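If you want the building blocks of each chain, they are given just below.
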Amino acid sequence: MAQVQTFLEQLYHEFKGITDGKLASYIPELARADPGWFGISIVTLDGRSFEVGDVAQKFTIQSISKVFVYGMALEDYGREKLLRKVGVEPTGDPFNSLIRLDEDSKRPDNPMVNAGAIATTGLITGSDPAERLNRMLSMFERYVGNEVFVDVSTFMSEKTTGHRNRAMAHLMLNFGMIEQPIEEALDLYFQQCAVLVTTHDLAVMAATLANQGVNPITGQRAVGSEHVRDILSVMYTCGMYNFAGEWAFRVGIPAKSGVSGGIMAVVPNQAGIAVFSPLLDGHGNSVRGLKVFEALSRFELGGFLRGHQLGL
Ligand code: GLU
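Residues numbered from 1 in each chain as written. Predicted model: local features only at pLDDT ≥ 70, side-chain atom pairs only at ≥ 80, totals over all residues. Heavy atoms only, no water.

Another point: the sheet that holds strand β6 (residues 262-267). The strands making up a sheet associate through hydrogen bonds between their backbones, and the pairing can be parallel or antiparallel. With respect to topology, five strands assemble into an open sheet ordered β2-β1-β7-β6-β5, the strand pairing being antiparallel. Single-partner strands in this sheet number two, and they are β2 (49-53) and β5 (255-257). Each strand axis lies, on average, 10° off the axis of its neighbour in the sheet, ignoring direction. Of the pairings in the sheet, the one linking strand β1 (residues 39-44) to strand β7 (residues 271-276) comprises six bridges and is antiparallel in character. Across the sheet, S41 pairs through a bridge with A274, a residue of β7. Along the sheet, helix α9 (residues 199-210) makes contact with β1, β2, β6 and β7, crossing β7 at roughly 150°. (Pairing = 2+ DSSP bridges. Helix = DSSP H or I, 4+ residues; strand = E, 2+ residues; numbered from the N terminus. Axes fitted to C-alpha atoms, helices over the stretch in contact; angles between N-to-C directions. Contact = heavy atoms within 4.5 Å.)

Written out as structure tokens, the structure reads:
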């Protein structure tokens, strides 16, 4: 629909000049991003794309990977068993907070904060690290519809500097929340965060979730439909760092963001939307990304975002 494409182009030009925010630099490799990168992509369930900007620029998926790995753990373990290991309670704390990890907490709060994500990744089944990584890459490939690769520089950059995540894993081990070997779980977690995607890929991945787990471009199932509701629920309540409540209020659809600057959102039964722009606000969300989604929810697309038919 020409109207949607025109609107995206307007948003792109309106927000392109915004230079507020900062590049993530605690993973040194992320600081090499071009602050000017900006892409917006919408992929509908009938396979159409509306796109503008740097939608083919590759970047590492970072925390957005947590959504898909959670889906994999749901498949590997089943809902109830997984729930005993990782909760579904939003924290209101930053994604890398250690505050709520103490002797009294039986499990990390939710799979979208780092502690919960590391615990979730540690549950992925496979006979050795290579098999677990290959299973994970195959899972991502079903969502994307193409081969995916781990960016080795970003992986090494985080592996050698990720002391806080390593400390979290040790604390959880000490409290009996996760089991050895934690270095393998951390490696796999750093690898999942370093998977390379484009804005277009993320929109297709989101559209797959919008389509009950079937990739709308390839027709391949990426995750069992019985797990999609649970995935979307944790995205909705915990997906936008300690901005999740405000996001629900302002935009109102399940989404997940990552520190490399991506935001991916799902409009159930209609479309996947992704925005990429690496300058982040204090919560770790893309500044231009938030602007785009707020504008989309105000536009007549507001109906579209909240699940009503726009006639796309
Ligand atoms: N790999 C990053 C970390 O664990 C992901 C953080 C994010 O994107 O929120 O710190």
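Moving on, we come to helix α4 (residues 114-122). Most of α4 sits inside the fold, with eight of its nine residues counted as buried. Of the residues making up α4, those classed as buried are N114, A115, G116, A117, I118, A119, T120 and T121. Of the surrounding elements, those touching the buried residues of α4 are α2 (65-77), α5 (129-144), α7 (163-174) and α8 (182-193). (Buried < 20%, exposed > 50% of the residue type's maximum accessible area, 1.4 Å probe, protein only.)

For the bond from Q180 to P181, the omega torsion is -5°, close enough to zero to count as cis. Positionally, P181 belongs in the loop between α7 and α8. For N269, which is not a glycine, the phi torsion comes out positive at approximately 65°. Its place among the elements puts N269 in the loop between β6 and β7.

Here we take up the site of the ligand. Around the ligand sit 13 residues, and of these Y26, Q62, S63, Y189 and Y241 come closest. Side-chain polar atom of Y189 to an oxygen atom of the ligand: 2.6 Å apart, as the coordinates give it. The separation between an oxygen atom of the ligand and a polar main-chain atom of V259 is 2.8 Å. When the ligand sits alone it has 300 Å² of accessible area, and the protein chains cover 99% of it. Applying the majority rule of atoms within 2 Å of the grid points places the ligand in the largest cavity. (Near = heavy atom within 4 Å. Polar contact = N/O pair within 3.5 Å; in protein donor to acceptor, adjacent residues only side chain to side chain. Areas by Shrake-Rupley, 256 points an atom, 1.4 Å probe, with all protein chains shown as cover. 1 Å grid on protein atoms, 1.4 Å probe; cavity = no way out; pocket = protein on both sides within 12 Å on 5 of 7 lines; lining within 4 Å. Sits in = over half its atoms within 2 Å of the grid points.)

So, on to α9. End to end, α9 covers 16 Å across twelve residues, agreeing with the expected 16 Å (1.5 Å per residue, within 8%). Once α9 ends, the next one or two residues include Q212, with phi positive near 60°. (Expected span 1.5 Å × (residues − 1).)

According to the stated counting rule, one finds one cavity of 30 Å³ or more in the structure shown. Quantified by volume, the largest cavity comes out at close to 50 Å³. Around the largest cavity, the lining residues are Y26, Q62, S63, F95, N114, E158, N165, Y189, C193, Y241 and V259. Partitioned by chemical class, the residues of the lining of the largest cavity number six nonpolar, four polar and one charged. (Points joined across faces, edges and corners; volume = space filled by probe spheres on them. Nonpolar A, V, L, I, M, F, W, Y, C, P; charged D, E, K, R; others polar.)

Within the secondary structure, R166 sits in helix α7. Residue R166 is classed as buried on the basis of its relative accessible area of 17%. With residues near it in sequence (within four places) discarded, R166 still touches K159, E183, L186 and F190.

Let us look at the packing of aromatic side chains. Tallied over the full model, the rule gives seven aromatic pairs. Consider the rings of Y12 and F38, whose centres lie 5.1 Å apart with planes at 15°: the pair is stacked. Remark: F38 occurs in the loop between α1 (2-15) and β1 and Y12 occurs in helix α1; sequence separation between them is 26 residues. Here Y12 matches F38 in class, with each residue buried. A network of ring pairs unites the aromatic residues W37, F59 and F276 as a single cluster. Lying over the aromatic face of Y241, K256 brings its terminal NZ or CZ to 4.5 Å of the ring centre. (Phe/Tyr/Trp six-rings, centres within 6.5 Å; stacked < 30°, edge-to-face > 60°. Lys NZ or Arg CZ within 6 Å of the ring centre and 35° of its normal.)

Turning our eyes to something else, we now look at the environment of S233. Structurally, the position occupied by S233 is in helix α10 (residues 225-238). You can call S233 partly exposed: its relative accessible area is 38%. Taking the C-alpha atoms as reference points, S233 and T120, separated by 113 residues in sequence, lie 16 Å from one another.

Our next topic: the nonpolar core. In this structure, F68, F140, M205, L209 and M264 are the most contacted members of the largest nonpolar core, which totals 46 residues. Elements that contribute at least two residues to this core include exactly α2, α5, α9, α10, β6 and β7. Here the element with the most residues in this core is α9; it accounts for eight residues. Listed in part, the 30 residues of the second largest apolar core include I42, F243, I253 and A265. (Core = buried A, V, L, I, M, F, W, Y, C linked by side-chain atoms within 4.5 Å.)

Another point: the packing of helix α6 (residues 152-161) against α8. Between α6 and α8, the shortest axis-to-axis distance is 9 Å and the interhelical angle comes to 140°. Classified by the angle between their axes, α6 and α8 sit oblique to one another. Considering the relative orientation of α6 and α8, their crossing is right-handed. Across from F155, E158 and K159 in α6, the residues of α8 making contact are D187, Y189, F190, Q191 and C193. When the residues that make up the contact of α6 with α8 are grouped by side-chain class, the tally is four nonpolar, one polar and three charged. (Parallel < 35°, antiparallel > 145°, perpendicular 65-115°, else oblique. Left-handed = near helix turned anticlockwise from the far one by under 90°.)

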